[in-house]
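Given next are the chains, with one letter for each unit.
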Amino acid sequence: MAADEIQHLTRAFSGLGGLGVDESAMVSALGKWRKQPEKLSGFRKSFNGFFKEHGVIERCEEEYMLHLAAEFSRFKNLMVLWAMHPWERDARMAHHVLHQAHPAAIVVEIACTRPAEELLGARKAYQALFHHSLEEDVAYHARDKPYCSLLVGLVSAYRYEGPRVNEEVARAEAKALGAAVKSAAGATAKLVENDEVVRILSTRSKPHLVETFKYYKEIHGRHIEEDLGHEETLREAALCLATPAKYFSQVMGAALSDGAGHHAKEALTRVAVTRSDVDMDGIRAAYHEQFGGKLDDAIAGKAHGYYRDALLSLVAGK
C-alpha cells in the first residue's frame, strides 16, 4: 500500500510529461503522511528524476525544481490572465513577447484576431502601461527581422468590419498574391518583404481576405497557407485573419503533442483564456476535424490537477 501511495505521489509531482501537477494528491499526502517520515524518505529515493543520492541525503535536483515551479505556475498564470481586462492582457502579452524574445506569433494573434476596437484598446493599454506605443516597440524590436514591416502594419491596422466586399478587387488581389509567390520562388528576397503582400494583409477587411483567399484557391489550385508555409509569420497572419478557429486548433494541437516545447505548452493557457468567450465552439470543431479527437479529451489526458480543471472549464461547450 505504501508503495502505491509513493507511486501515486510521484505521478502527481512529475505529471508524466503532461501539463501541470496534481495538487489534490499532494495535499492528500500532506495529511496522510504526518509523522511517517519513512514514506517521505521512500518517495525521495524512488523519484530519481527529482532527487539524487548525495552523501547521507537525497538532494533535490535544481533543474527539476525549476521544471516543477513552472508546472505549479500554470494554474496561477491561467487565473491571472483570466482575471485581467482583455486590453491589459493583450498589452502585457505583447510586451512580454517583444522584451523576452518570444515567438512573434503571439503579436500576430493579437493583431489579426481581435476586432478593430479591441486592438485599438490593447494599443491604448500598452501606451498607458509601458509609455511607448505598441507600433514603435514592434518596429524597434523586430527591426532586424524580415517580417518587421508586416508586423508593424498588422498592429497598426484599424480594419473595416462591415460585410461589403468588392469581388473584382478581391480577385485581382488573389492574382497579385499568386504573382508575388511565384516571383519569390528561389529569389533572395523574402515574400514577407513584398510591399503588395504586406499591404493586402495589413489593410484589407477580414471578409475581403476570405474572398481573396477563396479566389486564390480557384486560380492557383492551392490554399494560400500552403504557399506561405515556408514563411511562418505570413502563414500565421493569413490563418489568423481568415480562419482563426483553424489556426487556434493547430496551436492547441501542438501544445498537447508529445515533446511539445515550453512556448508551445504556454500557448494552451493563452488560447483557452483568450478564446473561451469568442470562438471556442469553432476551435473545438476544427480540432476534431484536424486531429480526429475531442479537444476536451486531449486536455483531460494531458493536463493535471487544478490546471486541467480550469482548462476544461474554459474549453467546454456552453
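This text gives an overview of the structure that appears in the document. (Residues numbered from 1 in each chain as written. Predicted model: local features only at pLDDT ≥ 70, side-chain atom pairs only at ≥ 80, totals over all residues. Heavy atoms only, no water.)

Focus on the overall build of the protein
Then comes step 1: Looking only at helices and strands, one finds 19 helices and 2 strands in the protein.
Then comes step 2: Scored against the burial criterion, the 318 residues of the protein give a buried share of 47%.
Then comes step 3: Taking contacts inside the protein between residues at least 6 apart in sequence as the whole, the part at least 24 apart equals 67%. (Helix = DSSP H or I, 4+ residues; strand = E, 2+ residues; numbered from the N terminus. Buried < 20%, exposed > 50% of the residue type's maximum accessible area, 1.4 Å probe, protein only. Contact = heavy atoms within 4.5 Å.)

Remarks on empty space enclosed by the protein
Then comes step 1: Evaluated as defined, the whole model comprises 2 cavities of 30 Å³ or more.
Then comes step 2: If you add up the space inside the largest cavity, you get close to 50 Å³.
Then comes step 3: Together, Ala111, Arg114, Pro115, Ala116, Leu119, Ala157, Tyr158, Arg159, Glu161 and Lys206 line the largest cavity.
Then comes step 4: A per-class count over the lining of the largest cavity returns 6 nonpolar, no polar and 4 charged.
Then comes step 5: Each pocket or cavity is described by its volume, and for the second largest cavity that value is around 30 Å³.
Then comes step 6: Lining the second largest cavity we find Leu177, Val181, Leu191, Val197, Leu201, Ile224 and Leu228.
Then comes step 7: Secondary-structure elements contributing two or more residues to the lining of the second largest cavity are α10 (167-184) and α11 (195-203).
Then comes step 8: Looking at side-chain class alone, the lining of the second largest cavity contains 7 nonpolar, no polar and no charged residues. (1 Å grid on protein atoms, 1.4 Å probe; cavity = no way out; pocket = protein on both sides within 12 Å on 5 of 7 lines; lining within 4 Å. Points joined across faces, edges and corners; volume = space filled by probe spheres on them. Nonpolar A, V, L, I, M, F, W, Y, C, P; charged D, E, K, R; others polar.)

Looking at the nonpolar core
Then comes step 1: Among the nonpolar cores identified, the biggest contains 76 residues, and Leu191, Leu201, Leu234, Leu268, Ile283, Leu295 and Leu311 are the most heavily contacted of them.
Then comes step 2: With 7 residues, the top contributor of residues to this core is helix α6 (residues 105-113).
Then comes step 3: In this view, Leu201 contacts Leu150, Leu154, Arg159, Leu209, Phe213, Leu234 and Leu241; residues no more than four positions away in its chain are not counted. (Core = buried A, V, L, I, M, F, W, Y, C linked by side-chain atoms within 4.5 Å.)

Focus on the environment of Leu129
Then comes step 1: Looking at where Leu129 falls in the secondary structure, it is placed in helix α7 (residues 116-130).
Then comes step 2: Along the backbone, Leu129 and Ala91 are 38 residues apart, and their C-alpha atoms lie at a distance of 8.1 Å.
Then comes step 3: Once residues within four sequence positions are removed from consideration, Leu129 is found in contact with Glu88, Ala91 and Arg92.

Describing α11
Then comes step 1: Within α11, the full set of buried residues consists of Val197, Val198, Ile200, Leu201 and Ser202.
Then comes step 2: Tucked inside the fold, the buried residues of α11 contact α9 (148-156), α10, α12 (206-220) and α14 (232-242).
Then comes step 3: Capping the start of α11, Asn194 holds a side-chain oxygen 2.9 Å from the backbone nitrogen of Glu196, two or three residues further along. (Polar contact = N/O pair within 3.5 Å; in protein donor to acceptor, adjacent residues only side chain to side chain.)

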